[in-house]
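# Structure assessment
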Amino acid sequence: MSQIITMIDDISFQTNLLALNAGVEAARAGEAGRGFAGGASEVRGLAQRSSDAAREIKELVTGSADQVNHGVELVRRSGSALSEFAVQVDEIAGLMTSVAQAADDQAHSVTEINVGVGQLDTVTQQNAAMVQQTTVAIHELRQQSLDLAEVLADFRTGDNSGGTRAADLQDRHVA
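Residues numbered from 1 in each chain as written. Predicted model: local features only at pLDDT ≥ 70, side-chain atom pairs only at ≥ 80, totals over all residues. Heavy atoms only, no water.

### Re a nonpolar patch on the surface
- On the surface, Phe13, Leu17, Leu20 and Val24 cluster together into a nonpolar patch covering about 360 Å² of accessible area.
- By the secondary structure assignment, Val24 is in helix H1 (residues 2-29).
- The class of Val24 is partly exposed, set by a relative accessible area of 41%. (Patch = residues over 30% accessible without salt bridge, like charges linked within 9 Å, V, L, I, M, F, W, Y side chains within 5 Å. Areas by Shrake-Rupley, 256 points an atom, 1.4 Å probe, with all protein chains shown as cover. Salt bridge = Lys/Arg side-chain N within 4 Å of Asp/Glu carboxyl O. Helix = DSSP H or I, 4+ residues; strand = E, 2+ residues; numbered from the N terminus. Buried < 20%, exposed > 50% of the residue type's maximum accessible area, 1.4 Å probe, protein only.)

Here it is in C-alpha cells:
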C-alpha cells in the first residue's frame, strides 16, 4: 500500500514538473501558446491535488496501521487475560472437586455413624429386654427363697435352734 502511495506521489510530482515545463513553453510561445498555458495550469492543479490526496491517503494508512497495531496489542492482552481466567477456572474446578470429595467422605462417615447408632439401639433394646427378664427372674428367685424359708421353718431337728435359724433366714430374705 505504501509503495502504491509513493508511486502516485511520484507520478503527481512528475506531472507537476511536466505541467510547469508546459507552462514555461506556452509562455515563450506568447499569444499562440496562451490556450496551451491554461491547459498546463489545469494539469498542474490536478497534479497538486493528486499529490495532496496521496499524502492524505498515506496519513490515513499510517493512522490505520497504528490503530491496527493498537488493536493487535489489545487482542494480545485480552488473550492473556483470558488465559489467566482459564487457569483460575481450572483452579476453582479443582477446589470444587476437593470439596465434593470431602462431602462424599463425610456422607460416607455419617452413614457409618448411622449404622453404628442403629447397632447401639439394637444392643440397648436387647439389654433392656435382658434387664426386664433378669428383674422377673430375681422376683421369681425371691419368691422361691421365701417359699424355701417357709419350708425350712417347718423343718426341725433335735434341738429347737433349727426353727430359729429358718426364721432368721426368712427375715433376712424379706429385708
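### Structural notes on the pattern of salt bridges
- This model, assessed by the stated rule, comprises 3 salt bridges.
- Measuring nitrogen to oxygen at the nearest pair gives 2.4 Å for the salt bridge that ties Glu73 to Arg76. With Glu73 and Arg76 both in helix H2 (residues 34-154), this residue pair falls 3 residues apart, about one helical turn.
- The partly exposed category is assigned to Arg76, whose relative accessible area is 49%.
- Through salt bridges that share partners, Glu73, Arg76 and Arg77 make up one connected network.

### Concerning the confidence of the model for the protein chain
- For the protein chain, per-residue confidence averages 84 on the pLDDT scale, and residues scoring 70 or more make up 89% of the total.
- Summarising per-element confidence for the protein chain, the mean pLDDT is lowest in helix H3 (residues 161-174) (53) and highest in H2 (91). (pLDDT = per-residue confidence, 0-100.)

### Some words on the side chain of Ser51
- Within the element layout of this structure, Ser51 appears in helix H2.
- Setting aside its immediate chain neighbours within four residues, Ser51 contacts Asp9 and Ser12. (Contact = heavy atoms within 4.5 Å.)

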